[in-house]
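Descriptive structure summary
One-letter residues, chain by chain:
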Amino acid sequence: MSNGRAISTSVEPDIGSTSIMKDFLALIKIGIVNSNLITTFTGLFLAFQFTGTSFIGNLDLLFYGLFGTGLIIAGSAALNNLIDRDIDPIMSRTKSRPTVTGRFTAPAVLALAFTFIILGEVMLFAASPAAGLWGLAGVFSYVVLYSMWSKRKHVSNTVVGSISGAIPPLIGWAAVEPSLGMGAWALFLIMFAWQPPHFYALAMRRTEEYRAANIPMLPVVKGFERTKKSILGWVLLLFPLPFLLQELGIIFIVLATVLNIGWLYLSIKGFKVKDDLKWATSMFIFSLNYMTILFVAMIIFSIFI
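Before going into details, it helps to say that this report is about the structure given with it. (Residues numbered from 1 in each chain as written. Predicted model: local features only at pLDDT ≥ 70, side-chain atom pairs only at ≥ 80, totals over all residues. Heavy atoms only, no water.)

Our focus in this paragraph is a nonpolar patch on the surface. Side chains of Leu110, Phe114, Ile118 and Val122 sit close together on the surface and give an oily, nonpolar patch of about 380 Å² of accessible area. For Leu110, the location among the structural elements is in helix α5 (residues 106-127). (Patch = residues over 30% accessible without salt bridge, like charges linked within 9 Å, V, L, I, M, F, W, Y side chains within 5 Å. Areas by Shrake-Rupley, 256 points an atom, 1.4 Å probe, with all protein chains shown as cover. Salt bridge = Lys/Arg side-chain N within 4 Å of Asp/Glu carboxyl O. Helix = DSSP H or I, 4+ residues; strand = E, 2+ residues; numbered from the N terminus.)

The next thing to look at is the packing of aromatic side chains. This structure, assessed with the given rule, holds 16 aromatic pairs. Summarising the aromatic geometry, the rings of Phe192 and Trp234 are spaced 5.7 Å apart at their centres and angled 70° between planes, so their arrangement reads as edge-to-face. Placement of the pair is Phe192 in helix α9 (residues 182-205) and Trp234 in helix α12 (residues 224-238), with a sequence separation of 42 residues. Among the aromatic residues, ring-to-ring pairing joins Trp134, Trp185, Phe188, Phe192 and Trp234 into one connected group. We note Arg205 situated over the ring of Phe284; from NZ or CZ to the ring centre the distance is 5.3 Å. Positioned over the ring face of Trp279 is Lys228, at 5.5 Å from the centre of the ring. (Phe/Tyr/Trp six-rings, centres within 6.5 Å; stacked < 30°, edge-to-face > 60°. Lys NZ or Arg CZ within 6 Å of the ring centre and 35° of its normal.)

Turning next to the environment of Pro168. Its place among the elements puts Pro168 in helix α8 (residues 168-176). Residue classification places Pro168 among the buried residues on the basis of a relative accessible area of 4%. The spatial distance from the C-alpha of Pro168 to the C-alpha of Ser54 is 21 Å, given a sequence separation of 114 residues. Look past the residues within four positions of Pro168 in its chain and what remains in contact with it is Asn36, Thr39, Thr40 and Ile73. (Buried < 20%, exposed > 50% of the residue type's maximum accessible area, 1.4 Å probe, protein only. Contact = heavy atoms within 4.5 Å.)

Written out as structure tokens, the structure reads:
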């Protein structure tokens, strides 16, 4: 009996700690934080390469830029969870969020979110005033323009939300080159155009849940055919954007064009498929691979410019 109690007391805290950590990571949307840090790092790294600034000699900018961006995204995501706690129980992918289950109370979430945002902004302003200001723009566009305003009112909510998703590479670039070069705006435009087809595909898979939550996503309001046309239009918009990064070389442009052709082929194929949800899933997966390959390629090819 004594051995059993000893084992029990040693294991239970670990289980509790694991659960708390899982809830914390869900609260700050760690997946979104990580994906945005990839684009932030790309902006930082390309700015170093394009401007001829020493990477090793400016590791403080890398630290402030990445950690500052990570903190403001985590804080903004926590606020988004708090704002959406009334509709999240309706959707299967969000019903287990800690703001729904009560594992994190509203005052605790507010305290954590604002602490993260303030600390993140201090770091970003330490990198450069421009990085700090772009960080504030990202927080405002995600929390106010998207979460509090457009998400529940306008079918254009995805496009509005794409503004905040396109800002992280600008933050990273501004940490190194506050004036922002053409490369920075190329990254912004690529991220901005990539997000609607990515999230429209996700919305198609979750259409009934969004309908139940009364969220006016494009597939809910306009239907699948209209959504497919919008996806096609945004994918076409991506085609000229890699040419804004000609410094990365012809091989990069060819790779980006091949990726765009692949996405275009899938987009056109969507008008003939019988299983819309299966097609939407393939589009969603392709979009994730597209962004990963494209941004990793940017980093690799920038080394050789």
